[in-house]
Amino acid sequence: MLKQFQIILFFISMILFAENQTIHSEVKTEIDLQARQTIPVLNLNDYKYGDEASKSKFIQEVAYALHEYGFFALENSDVDGKILKNGFNSAISFFDHDHSYKLLYQNKYPNRGYKSFNLDNTLKTPDLQEYYHIGRNIDDEMLERLNVSPISPNVWPDSPTNFQENLSALYNEFDRSGQYVLEACSLSMGEDIDFLSKMTEHSDSIMRFIHYLDIPPDAYQNLTWKVAHKDPNLITFIYGITSAGLEIQRPDGSWLKVEYVPGQVIVSGSNMLENLSNGLFKSTPHRVMTYRNHSRYAIPFFYHVRKELDISPTEKAIERTGGKALYPSMTAQKALEGHHWFGGKAQEKPN
């Protein structure tokens, strides 16, 4: 009897030891991810499931990251892994087609369908990438009924046959899961929780599935997959990253490598958010470097403000940045057409 009791105690101690090791491993993994990444790392579960203190801390972290870096990495993004995998596989199957087939789905509508690489572009340094644009699935009748700006229809290839189903589901999943960060960002601006969600509802937000091209082994160190740029939209989420390459520009002009950590989603403030926040939040120049001589994939989701809406600095943003509007008053449509302020800086910098 005593021997049996000792055996039971032994197994209980082993179970407790294993549980302790698992907890220790999870904590260590989280610390390792924080240490490896070069930009702030936020955990969406703090906002979704945390108490008021955890939610408040997450909102403050969003504000800090977008002010100091213009970027942050997000853990536990709430995206369904199966939907992401299905969309990823369908897109790769499309990119595997002959180039002549892919060109059948180019130039149908603005920001829709396939976009080929162009190595002979004399106007700018060519981007070594091909991609597919997908927008919101909404018909003209509904847009008219809602009294919002018209948007282009999607372009769907015949092959693979599950492309439309899987990529539409992925678009909807990104749009749904990103709402948590839109809420936190709105609250960090001192606005109502649905401030940014209302501005992007029924808008022409775009999902771009990017295939960064294979680079010859003797050339990749002298090329970039994507030249330095700033995003013209409101907020960008980059999902499905498969390798390193992303870099962001520091205030002194040097470049900071954003580490590749599987599972992390990279979030960045874009030009319209910088304008709305009167410069409180940054739209930071970034680029994608060819660190390795192989292809790379990423799926940015660009939240756009509806074109008819005003993106002038908000009153609360002006109060928080010295009491003077430092950015122009305009609609999202005018901003997209003009691009005159996108590459520049405000005349004065908020503290």
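Check the entry above for the structure.
Visitor: Provide a residue-level description of helix α4 (residues 81-95), including the pertinent values.
Guide: Over its 15 residues, α4 runs 21 Å from end to end, which matches the ideal 21 Å to within 8%, given 1.5 Å per residue. Of the residues making up α4, those classed as buried are Gly87, Phe88, Ser90, Ala91, Phe94 and Phe95. Down the axis of α4, the sector holding all buried residues measures 170°, keeping them to one side. In this structure, α4 carries Lys82 and Lys85 as exposed residues pointing more than 90 degrees from its buried face. Close packing links the buried residues of α4 with α5 (99-102), β3 (113-115), β4 (129-134), α7 (163-177), β5 (206-212) and β12 (296-303). At the N-terminal boundary of α4, the capping side chain belongs to Asp80, with an oxygen 2.9 Å from the backbone nitrogen of Lys82.

Visitor: Account for unusual backbone geometry, with residues named and values stated.
Guide: Glycine aside, residues mostly have negative phi angles, and peptide bonds mostly take the trans form. Here Ser159 and Pro160 are connected by a cis peptide whose omega angle stands at 0°. With respect to the helices, strands and loops of the structure, Pro160 is situated in the loop between α6 (140-146) and α7. For Asn76, which is not glycine, the phi dihedral falls at a positive 55°. Following the sequence through the fold, Asn76 ends up in the loop between β2 (71-75) and α4. Accessibility expressed as a relative area gives 39% for Asn76, which makes it partly exposed.

Visitor: Explain the sheet that holds strand β6 (residues 224-229) to me, and be specific about the residues and the numbers.
Guide: Overall, antiparallel pairing links the 4 strands, which are arranged β6-β11-β8-β9 in an open sheet. The open sheet has two free edges, formed respectively by β6 and β9 (255-257), since each of these has just one partner strand. On average, each strand axis in the sheet is inclined to that of its neighbour by 25°, with strand direction left out of account. Here 3 bridges tie β6 to strand β11 (residues 286-289), and the two strands are oriented antiparallel to one another. When the sheet's bridge partners are listed, Lys226 is paired in β11 with Val288.

Visitor: Now, about the pattern of salt bridges: what can you tell me, with residues and values included?
Guide: Side-chain pairs of opposite charge can arise whenever the charged atoms involved come near each other. In the structure shown here, the tally under the stated rule is 10 salt bridges. With a closest N to O distance of 2.5 Å, Glu61 and Lys57 form a salt bridge. Placement of the pair is Glu61 and Lys57 together in helix α3 (residues 52-68), with a separation of 4 residues, close to one helical turn. Look at Lys57 and you get partly exposed, because its relative accessible area is 46%. In the salt-bridge network here, residues are joined through shared partners; they are Lys48, Asp78, Glu173 and Arg176.

What counts, and where the lines are drawn
Residues numbered from 1 in each chain as written. Predicted model: local features only at pLDDT ≥ 70, side-chain atom pairs only at ≥ 80, totals over all residues. Heavy atoms only, no water. Helix = DSSP H or I, 4+ residues; strand = E, 2+ residues; numbered from the N terminus. Expected span 1.5 Å × (residues − 1). Buried < 20%, exposed > 50% of the residue type's maximum accessible area, 1.4 Å probe, protein only. Arc of directions from axis to C-beta. Contact = heavy atoms within 4.5 Å. Polar contact = N/O pair within 3.5 Å; in protein donor to acceptor, adjacent residues only side chain to side chain. Pairing = 2+ DSSP bridges. Axes fitted to C-alpha atoms, helices over the stretch in contact; angles between N-to-C directions. Salt bridge = Lys/Arg side-chain N within 4 Å of Asp/Glu carboxyl O.

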